[in-house]
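# An overview of the molecular structure
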Amino acid sequence: MNTLLSHLQAECTCAEELLEAMDREQEAMTEGRFAELESISARKAELLDRMAELDLQREATQMALGFGPGRAGADAAAAASGDASLAAWAGLLVLAERARARNRRNGSMVNSHLDFTRKALHFLHAGRQPFYGPDGTARAASGAGTRLALG
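Report on the accompanying structure. Being a predicted model, the structure only gives us computed values, none of them experimental.

The rules behind the values
Residues numbered from 1 in each chain as written. Predicted model: local features only at pLDDT ≥ 70, side-chain atom pairs only at ≥ 80, totals over all residues. Heavy atoms only, no water. Salt bridge = Lys/Arg side-chain N within 4 Å of Asp/Glu carboxyl O. Helix = DSSP H or I, 4+ residues; strand = E, 2+ residues; numbered from the N terminus. Buried < 20%, exposed > 50% of the residue type's maximum accessible area, 1.4 Å probe, protein only. 1 Å grid on protein atoms, 1.4 Å probe; cavity = no way out; pocket = protein on both sides within 12 Å on 5 of 7 lines; lining within 4 Å. Points joined across faces, edges and corners; volume = space filled by probe spheres on them. Nonpolar A, V, L, I, M, F, W, Y, C, P; charged D, E, K, R; others polar. Polar contact = N/O pair within 3.5 Å; in protein donor to acceptor, adjacent residues only side chain to side chain. Contact = heavy atoms within 4.5 Å. Core = buried A, V, L, I, M, F, W, Y, C linked by side-chain atoms within 4.5 Å. Axes fitted to C-alpha atoms, helices over the stretch in contact; angles between N-to-C directions. Left-handed = near helix turned anticlockwise from the far one by under 90°. Expected span 1.5 Å × (residues − 1).

### Brief notes about the pattern of salt bridges
Going through the model one piece at a time under the given rule, you end up with 14 salt bridges. The closest approach of N and O atoms between Glu17 and Arg43, which form a salt bridge, is 2.8 Å. Residue Glu17 is located in helix α1 (residues 3-30), and its partner Arg43 is located in helix α2 (residues 37-64); the two are separated by 26 residues in the primary sequence. Using a relative accessible area of 31% as the deciding quantity, one classes Arg43 as partly exposed. Overlapping salt bridges bring together Glu11, Asp55 and Arg58 as one network.

### Describing the layout of surface pockets
Each pocket or cavity is described by its volume, and for the largest pocket that value is around 400 Å³. In terms of lining residues, the largest pocket is bounded by 19 residues, among which Met51, Leu92, Ala96, Ala99 and Arg100 are the most central. Mapped onto the lining of the largest pocket, the elements with two or more residues apiece are α1, α2 and α4 (83-126). In terms of residue count, α4 provides more of the lining of the largest pocket than any other element does, eight residues in total. When the residues that make up the lining of the largest pocket are grouped by side-chain class, the tally is 12 nonpolar, one polar and six charged.

### Quick word on the side chain of Lys44
Topologically, Lys44 is positioned in helix α2. At a separation of 2.9 Å, a polar atom in the side chain of Lys44 contacts the side chain of Glu25. Among all residues touching Lys44, those that are not within four sequence positions of it are Leu18, Ala21, Met22 and Glu25.

### Some points on the environment of Ile40
With respect to the secondary-structure elements, Ile40 resides in helix α2. The class of Ile40 is buried, set by a relative accessible area of 6%. Other than its neighbours up to four places away in sequence, Ile40 contacts Ala21, Arg24, Glu25 and Ala28.

### Overview of the nonpolar core
By size, the foremost hydrophobic cluster in this structure holds 21 residues, and its most contacted members are Leu8, Trp89 and Leu92. When residues of this core are traced back to their parent elements, those giving at least two are α1, α2, α3 (70-80) and α4. If we ignore the near neighbours within four places in the chain, the residues touching Trp89 are Leu8, Arg58, Arg71, Ala74, Asp75 and Ala78. With five residues, the next largest nonpolar core counts Ala28, Met29, Ile40 and Met109 among its residues.

### Describing the packing of α2 against α3
It is the contact of α2 with α3, at a shortest axis distance of 10 Å, that shows an interaxial angle of 65°. Relative to α3, the crossing made by α2 is left-handed. Along its contact with α2, which presents Arg58, Glu59 and Gln62, the element α3 presents Gly70, Gly73, Ala74 and Ala77. Across the contact of α2 with α3, the residue classes break down as two nonpolar, three polar and two charged.

### Considerations on α2
End to end, α2 covers 40 Å across 28 residues, agreeing with the expected 40 Å (1.5 Å per residue, within 8%). Of all the residues in α2, the buried ones are Leu37, Ile40, Lys44, Leu47, Met51, Leu54, Arg58, Thr61 and Gln62. Phi turns positive one or two residues past the end of α2, at Gly66, with a value near 100°.

These figures come from the coordinates and say nothing about function on their own.
See below:
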């Protein structure tokens with residue numbers, strides 16, 4: 001098995017793990033299990049760091065094989081390295097697009113939750129009337145009907 005192929009396979013495996021983490025993240029948000037998000041985010045960060053490392057290693061390998069850096073070099077290196085490498089590269093590109101789509105989806109969910117929380121907090125703060133006045137004495141809520149006791 002050629003070195004480029006092993007790099008591509010490792011990247012595919014890592015990308016699949018990232019997709020699984022993103023799916024767990026979406027499920028946690030959908031089901032209101034927000035306490036799980038911290039550990040899921042930590043796992044995603046680990047996987048993204050690993051993906052960046054694998055990407056650098058693959059790019060170094062493709063350059064060692066005489067191909068340029070970046071997407072064009074990867075396309076050429078995969079094509080020149082045989083059908084298995086070409087298939088693995090194509091698979092990695094599909095996984096990368098899925099990851100981008102899931103990241104957008106989850107980002108939209110996070111923004112929706114944040115927006116809801118901001119609006120709820122604004123509503124609670126705007127409608128809040130202190131139960132006690134600045135002097136520490138009890139205050140009746142305005143517009144709450146007739147006062148039963150004065151004092």
